[in-house]
Amino acid sequence: MMRDERFAQFEVRPFTGALGAEIIGVDLRTAAEDTFAEVLRALHDYHVLAVRDQDLVPATLQQVARRFGPFSGNPVHTPMDGFEDIVRFVREPDDTGKVIGEDWHMDLAWLARPPGVTMLYGEEIPPVGGDTCFASLEKAYQSLSPRLVAILEGLTGIHSGRGVFAINAMQKRLGVTADVEAIENAAVEHPVICTHPVTGRRYVFVSSVLTHFKGMTEEESRPLIDFLMARATRPEFHCRLRWAPRTLGMWNNPFVLHTAINDYPGYRRVMYRTTIAGQVPAAAA
Ligand code: SIN
């Protein structure tokens, strides 16, 4: 298995040629500042990390999360008692229907500042299945023709909270906030072609809640949105995170799409999720 030799303080094993890597040999609770800086560098390089063998409970997950930045806020889910920034995602063996996070999406894309990083910690993992797949919005950008990029540079996407409450409320084990109206009425503008604030690399900002482009109707916008979502989720732009108990997964939320895989009926899966504040997406110059 390939190891990325640029990282000397711990092992970094890329998942695919597109994005994602596994990290072995670091304890995020106690890592010295220079080691921690290397983890951040890996996150910006790979966008998705599975940091293995982390011994975390909600209090220490919170401490680790604060090393990455302040809490982003979460206007949708009811947090755990005593931890305003952590949500417990539970799927019981006899649960049916969609799993939380099924279908390609970006977390909270309908906020002016979508979370910069999402973290998910695996407490109980099915013996098989329950992976999370990711798709790179940078690779999607790089695959577009210059002429289409020029058109997209002139467009602003409207990302809406419409339907978000209903999707989450379907999950019987997930508490959802009572402020349905605020979520339903949320609509935010993001440029379609953006630049990553740290790497300066370009990406295409599409999400499952992108309803239309500014100045165009939903009907007019739909074919282009469908094309961009299909392009972004092509298999060559994917990686697949295979969970293990004590894995801390994290991803650069605005630069990827992700989807939870619903293939573990009969098994229990318990995860803790938290989100770190991000920035207002910046239009590419
Ligand atoms: C999510 O979409 O945030 C959850 C992903 C997962 O549970 O795998």
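What counts and how
Residues numbered from 1 in each chain as written. Predicted model: local features only at pLDDT ≥ 70, side-chain atom pairs only at ≥ 80, totals over all residues. Heavy atoms only, no water. Helix = DSSP H or I, 4+ residues; strand = E, 2+ residues; numbered from the N terminus. Contact = heavy atoms within 4.5 Å. Polar contact = N/O pair within 3.5 Å; in protein donor to acceptor, adjacent residues only side chain to side chain. Phe/Tyr/Trp six-rings, centres within 6.5 Å; stacked < 30°, edge-to-face > 60°. Buried < 20%, exposed > 50% of the residue type's maximum accessible area, 1.4 Å probe, protein only. Lys NZ or Arg CZ within 6 Å of the ring centre and 35° of its normal. Pairing = 2+ DSSP bridges. Near = heavy atom within 4 Å. Areas by Shrake-Rupley, 256 points an atom, 1.4 Å probe, with all protein chains shown as cover. 1 Å grid on protein atoms, 1.4 Å probe; cavity = no way out; pocket = protein on both sides within 12 Å on 5 of 7 lines; lining within 4 Å. Sits in = over half its atoms within 2 Å of the grid points.

> Explain the environment of D107 here, please?
With respect to the secondary-structure elements, D107 resides in the loop between β4 (87-91) and β5 (117-124). Sequence separation between D107 and V256 is 149 residues, and the spatial gap between their C-alpha atoms is 9.7 Å. In this structure, D107 is in contact with P114, P115, T118, W251, N253, H258 and R273, ignoring residues within four places of it in sequence. A polar contact is formed between the side chain of D107 and the side chain of H258, at a distance of 3.3 Å.

> How should the packing of aromatic side chains be read in this particular structure?
Applying the stated criterion to the full structure yields five aromatic pairs. Seen in terms of ring centroids, Y203 and F205 are 6.4 Å apart; in terms of plane orientation they differ by 40 degrees. Their pairing is tilted. The exposure class assigned to Y203 is buried, which follows from its relative accessible area of 2%. In this structure F205 comes out as buried when scored by relative accessible area, which is 0%. What links up through ring pairs into an aromatic cluster is the set Y203, F205 and F255. Its end group placed over the ring of F7, R41 keeps NZ or CZ at 4.4 Å from the ring centre. Note that R67 overlies the ring of F36, its terminal NZ or CZ placed 4.5 Å from the centroid.

> How should the pairing of β5 be read in this particular structure?
For a regular strand, side-chain orientation follows a simple rule: the groups alternate between the two sheet faces. Most of β5 sits out of view: six of its eight residues are buried. Pairing analysis gives seven bridges linking β5 to strand β15 (residues 269-276), with the strands arranged antiparallel. Note on β15: the bridge partner recorded for Y121 is Y272. Pairing between β5 and strand β13 (residues 248-252): five bridges, direction antiparallel. Bridge pairing in β13 places M119 opposite M250.

> What exactly am I supposed to notice about the site of the ligand here?
Around the ligand, the surrounding shell consists of F89, G101, H105, D107, L120, T132, H258, A260, R269 and R273. One of the side-chain nitrogen or oxygen atoms of H258 is found 3.0 Å away from an oxygen atom of the ligand. One nitrogen or oxygen atom from the side chain of R269 is found 2.9 Å from an oxygen atom belonging to the ligand. When the ligand is considered free in solution it has 260 Å² of accessible area, and contact with the protein chains removes 98% of it. In this structure the site holding the ligand corresponds to the largest pocket. Contributions of two or more residues to the shell around the ligand are made by β14 (256-260) and β15.

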